[in-house]
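Residues per chain are reported as follows:
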Amino acid sequence: MRISTAWAQQLSVNAMGKQQTELAKIQQQISSGLKVSTPAEDPAAAVRVLDLDKTIAKTEQHQSNISTARGRLNLEESALETANNIMFRAKDLTIQAISSATLNDSDRLSIKFEVDQLIEQLAGVANTQNANGEFIFSGDLSTVPAFTKQAATGEYVYQGGTQQRVLQIGSSRQVADSDLGATVFDNITSSSPAADENGKRSIFSTLKALSDGLGASLNPASGEITGDRFLRYGLDYSTAPATFDLTADGGAPIPINLSGQAFTGVEDLAAEINNQLAAAAAPAPATMQARSNGNRIEFASIATGAASNIQINNTSGTFLTDAGFTEGQNQAGVAAQSYQSQMTSVLGDLDAALGRFLETRTSVGARMNALDNQESQNEKFVLDTTTTLSETQDLDYADAISKFQLQSIALQAGQQAFAQVNKLSLFNYL
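Residues numbered from 1 in each chain as written. Predicted model: local features only at pLDDT ≥ 70, side-chain atom pairs only at ≥ 80, totals over all residues. Heavy atoms only, no water.

**Structural notes on the packing of aromatic side chains**
Each aromatic ring pair is described using two quantities: the centre-to-centre distance and the angle formed by the ring planes.
Point 1. Summed over all chains, the structure comprises 12 aromatic pairs.
Point 2. Ring centres of F319 and F325 lie 6.4 Å apart, and the angle between their planes is 20°; this geometry places the pair in the stacked category. Considered together, F319 and F325 belong to a single accessibility category, that of buried residues.
Point 3. The rings of F137, F147, Y156, Y158, F185, F204 and F357 are connected pair by pair, giving a single aromatic cluster.
Point 4. The lysine or arginine in question, R108, covers the ring of Y339, its NZ or CZ lying 5.6 Å from the ring centre. (Phe/Tyr/Trp six-rings, centres within 6.5 Å; stacked < 30°, edge-to-face > 60°. Buried < 20%, exposed > 50% of the residue type's maximum accessible area, 1.4 Å probe, protein only. Lys NZ or Arg CZ within 6 Å of the ring centre and 35° of its normal.)

Right, here's the structure in full:
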């Protein structure tokens, strides 16, 4: 077999080219500090690096969520402390109003004015916003004020969301970063006759009763029923039947027909029902009315006192369940309380509210501890994962430099050998 001079030279050139490629690869590793520069060099290692990078990024996001949740919970704790102080002051004023036999009308009005300021102050606390302008007690509707003043009754009603906002703080762990205003300031168990059909009352209703009593406004309450479903986005009956009856004070049932209509919100819905109630009673005044109570629909009789009553019954469709009523649901009004009994019921409800604040603050503290513990776990996890990532992708510089020097020497030797062999020719010996 004969080997041509060109082939022999090409073999040498190919060998040097391969050595140069290996040398360039090592140079790239040294300059980048990475074992694997491209996935093609080691697909398994490249996939492992991507997985570890993704895991670290996710955990760092969990750490960021912990910081966000801690800030909101700190703000909530501060707001609850302020609300707690307001309740204690209201309790002091209530005790003063009950126990002092020397108070005259002017004294009671002075206390009433302070109570009215406490109500406004508490409303401000309930609508606390963070640095991003989010209402911390509005849950998943954080851009909406938690409580607004109802024009019909003068009371503050909840209009925030129905779900707590939660943040992911671990791979399988979430924490609520605030509490719903409906849980903290509303739906407090009450011993007052003025409580709703579920025996609940809001803190604002309690303070308003205190203010009314001090102002000698001991008025009877009308019968009213409130749905428990969130209707912020309205109801759509454009293609479905929806009829029901409302009955007030033992009178004839008045049919309400919402079939074929769509409502964008509670105010829109209440307006349509009130139009039908007025038309049914004409030319006499309507005996009942619909109104919004936050994001819920509420029906009330116009008359006041213990003889007042309102009831709802389904005729067709799903309005009752859609709005959160039950078949035959009814509620009677409440006769006017005496000054002493109203103040006594207010005092009991204030104690219940203070108990609710204590429960909520305890829950906030527990979540703060959970954030601290999870943060420590996440820090250790990131450290361990970063170590694994380093072992997978970081270059051993001592080993790489040794290989670089060895490869350089091999390339130089190959180049020198090629130069010498290239000089060999039979013509040199002729």
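From this point on, the discussion continues.
**A word on the pattern of salt bridges**
Point 1. For the coordinates displayed, the defined rule picks out 18 salt bridges.
Point 2. Two residues, E77 and R361, come together in a salt bridge whose shortest N-O distance is 2.7 Å. Pair noted here: E77 is in helix α2 (residues 43-99) and R361 is in helix α8 (residues 339-393), with a separation of 284 residues, a long-range link.
Point 3. Using a relative accessible area of 24% as the deciding quantity, one classes E77 as partly exposed.
Point 4. A relative accessible area of 24% means that R361 is categorised as partly exposed.
Point 5. For the salt bridge of D179 with R367, the shortest nitrogen-to-oxygen distance reads 2.6 Å. (Salt bridge = Lys/Arg side-chain N within 4 Å of Asp/Glu carboxyl O. Helix = DSSP H or I, 4+ residues; strand = E, 2+ residues; numbered from the N terminus.)

**Quick word on helix α5 (residues 203-214)**
It helps to recall that an α-helix has 3.6 residues per turn; residues three or four apart then point in one direction.
Point 1. Look at α5: 17 Å from first C-alpha to last across 12 residues, which is about the 16 Å you get at 1.5 Å a residue.
Point 2. Counting buried positions along α5 gives 10 out of 12 residues, so the element sits mostly inside the fold.
Point 3. Along α5, the residues classified as buried are I203, F204, S205, T206, L207, A209, L210, S211, G213 and L214. (Expected span 1.5 Å × (residues − 1).)

**Section: the environment of S138**
Point 1. Here S138 lies in the loop between α3 (105-126) and β1 (147-149).
Point 2. In this structure S138 comes out as buried when scored by relative accessible area, which is 0%.

**Description of α3**
Point 1. If you check α3, its first and last C-alpha atoms are 31 Å apart, about what 22 residues at 1.5 Å a residue would give, namely 32 Å.
Point 2. The N-cap residue of α3 is N104: its side-chain oxygen and the backbone nitrogen of S106 are 3.1 Å apart. (Polar contact = N/O pair within 3.5 Å; in protein donor to acceptor, adjacent residues only side chain to side chain.)

**Looking at unusual backbone geometry**
Point 1. In this chain, A282 is followed by P283 through a cis amide linkage whose omega measures 5°.
Point 2. Phi at N187 is positive, roughly 55°, even though this residue is not glycine.
Point 3. Along the polypeptide, N187 turns up in the loop between α4 (181-184) and β5 (188-189).
Point 4. At D249, a residue that is not glycine, the phi angle is positive and equals roughly 55°.
Point 5. Note on placement: D249 falls in the loop between β9 (242-248) and β10 (254-257).

**A look at the sheet that holds strand β14 (residues 309-317)**
Point 1. As summarised here, the arrangement of the four strands in space is β10-β9-β14-β15, forming an open sheet in which the pairing is antiparallel. Lying at the two open borders of the sheet, with one neighbouring strand each, are β10 and β15 (330-332). If you compare each strand with its neighbour and ignore which way they point, the axes differ by 20° on average.
Point 2. In terms of strand pairing, β9 meets β10 through four bridges, oriented antiparallel. (Pairing = 2+ DSSP bridges. Axes fitted to C-alpha atoms, helices over the stretch in contact; angles between N-to-C directions.)

**Side note on the sheet that holds strand β7 (residues 224-226)**
Point 1. The strand order across the open sheet built from three strands is β7-β13-β12, with neighbouring strands paired in antiparallel fashion. This sheet does not close on itself; its edge strands, each paired only once, are β7 and β12 (288-293). When the angles between neighbouring strand axes are averaged without regard to direction, this sheet yields 20°.
Point 2. Bridge count for β12 against strand β13 (residues 296-301) is six bridges, and the pairing is antiparallel. Residue M288 lies in a different strand from β13, and its bridge partner there is S301.
Point 3. Strands in contact with helix α6 (residues 266-281) are β12 and β13; relative to β12, the strand with the most contacts, it is inclined by about 180°. (Contact = heavy atoms within 4.5 Å.)

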